Amino acid sequence: MALRMSWEVAPIASAGENVNNIEGAVKALDGSVLRIQERAMNPLEAAALRESARVIRAQMLSDGRAALARGERWEAKVGRVRVILTPAGPASSG
């Protein structure tokens, strides 16, 4: 299921992209969080961001996946991390 993912790590960065599935969304979030940790954070901030990302990743894979399967938009915020998942459009067969 294609979907639109928007994310924000306040107040450092935000972005959005189309991904093929929830696993692609998790991968995109993980890559973005890693880049932010390496470039813009001290070790304490990086540890807090890592924990927020871990929690939101688990929510994406459970609650987010379920909402998308129903064709619903899903949003969550944990610490400085906010993610919005939106179905890209009507599901197509094949």
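One structure accompanies this document, and this report is about it. (Residues numbered from 1 in each chain as written. Predicted model: local features only at pLDDT ≥ 70, side-chain atom pairs only at ≥ 80, totals over all residues. Heavy atoms only, no water.)

When you go through the protein residue by residue, the secondary structure sums to two helices and four strands. Principal-axis analysis of the C-alpha atoms places the extent of the protein at approximately 45 × 20 × 20 Å. Of the contacts made within the protein by residues no fewer than 6 positions apart, 49% connect residues no fewer than 24 positions apart. Surface summary for the protein: the accessible area is close to 5,500 Å², and the carbon and sulfur share equals 52%. Once the 13 positive and 10 negative side-chain charges of the protein are each reduced to a mean point, those two points are 2 Å apart. (Helix = DSSP H or I, 4+ residues; strand = E, 2+ residues; numbered from the N terminus. Contact = heavy atoms within 4.5 Å. Areas by Shrake-Rupley, 256 points an atom, 1.4 Å probe, with all protein chains shown as cover. Lys, Arg positive; Asp, Glu negative; His and termini not counted. Charge placed at Lys NZ, Arg CZ, Asp CG, Glu CD.)

Quick look at the side chain of S52 now. Tracing the backbone through its elements, the reader meets S52 in helix 2 (residues 43-69). Discounting chain neighbours no more than four positions away, the residues touching S52 are V78, G79, R80 and V81.

This brings us to the sheet that holds strand 2 (residues 13-19). Read across the sheet, four strands follow the order 2-1-4-3 without closing on themselves; strand pairing throughout is antiparallel. Each edge of the sheet is formed by a strand with only one pairing partner; in this case those strands are strand 2 and strand 3 (74-78). Averaged over all neighbouring strand pairs, the angle between strand axes comes to 10°, with direction disregarded. Alignment of strand 1 (residues 3-9) against strand 2, held across seven bridges, turns out to be antiparallel. The residue of strand 2 that forms the bridge with R4 is N18. Across the sheet, helix 1 (residues 22-40) lies against strand 1, strand 2 and strand 4 (81-87), angled at about 25° from strand 1, the strand it touches most. Strand contacts of helix 2: strand 1, strand 3 and strand 4, with the helix running at about 160° to strand 3, the strand carrying the most contacts. (Pairing = 2+ DSSP bridges. Axes fitted to C-alpha atoms, helices over the stretch in contact; angles between N-to-C directions.)

This next bit is on the pairing of strand 3. With burial as the criterion, only one face of strand 3 is covered, namely that bearing W74, A76 and V78; the residues E75 and K77 on the opposite face remain uncovered. In this structure, strand 3 lies alongside strand 4, joined through five bridges in antiparallel fashion. Residue pairing in the sheet places K77 in a bridge with R82 of strand 4. (Buried < 20%, exposed > 50% of the residue type's maximum accessible area, 1.4 Å probe, protein only.)

Under the defined criterion, the tally for this structure stands at seven salt bridges. Note that R65 and E23 form a salt bridge whose closest N and O atoms lie 2.9 Å from each other. One end of the pair, R65, is in helix 2; the other, E23, is in helix 1, with 42 residues separating them in the sequence. Note on R65: relative accessible area 35%, which makes it partly exposed. Take E23: its relative accessible area is 42%, and that puts it in the partly exposed class. R54 serves as the salt-bridge partner of E51, at 2.5 Å between the closest nitrogen and oxygen. Pair noted here: E51 and R54 are both in helix 2, with a separation of three residues, about one helical turn. R54 gets classed as partly exposed once you look at its relative accessible area, which sits at 43%. By sharing partners, the salt bridges in this structure join E8, R73, E75 and R82 into a single network. (Salt bridge = Lys/Arg side-chain N within 4 Å of Asp/Glu carboxyl O.)

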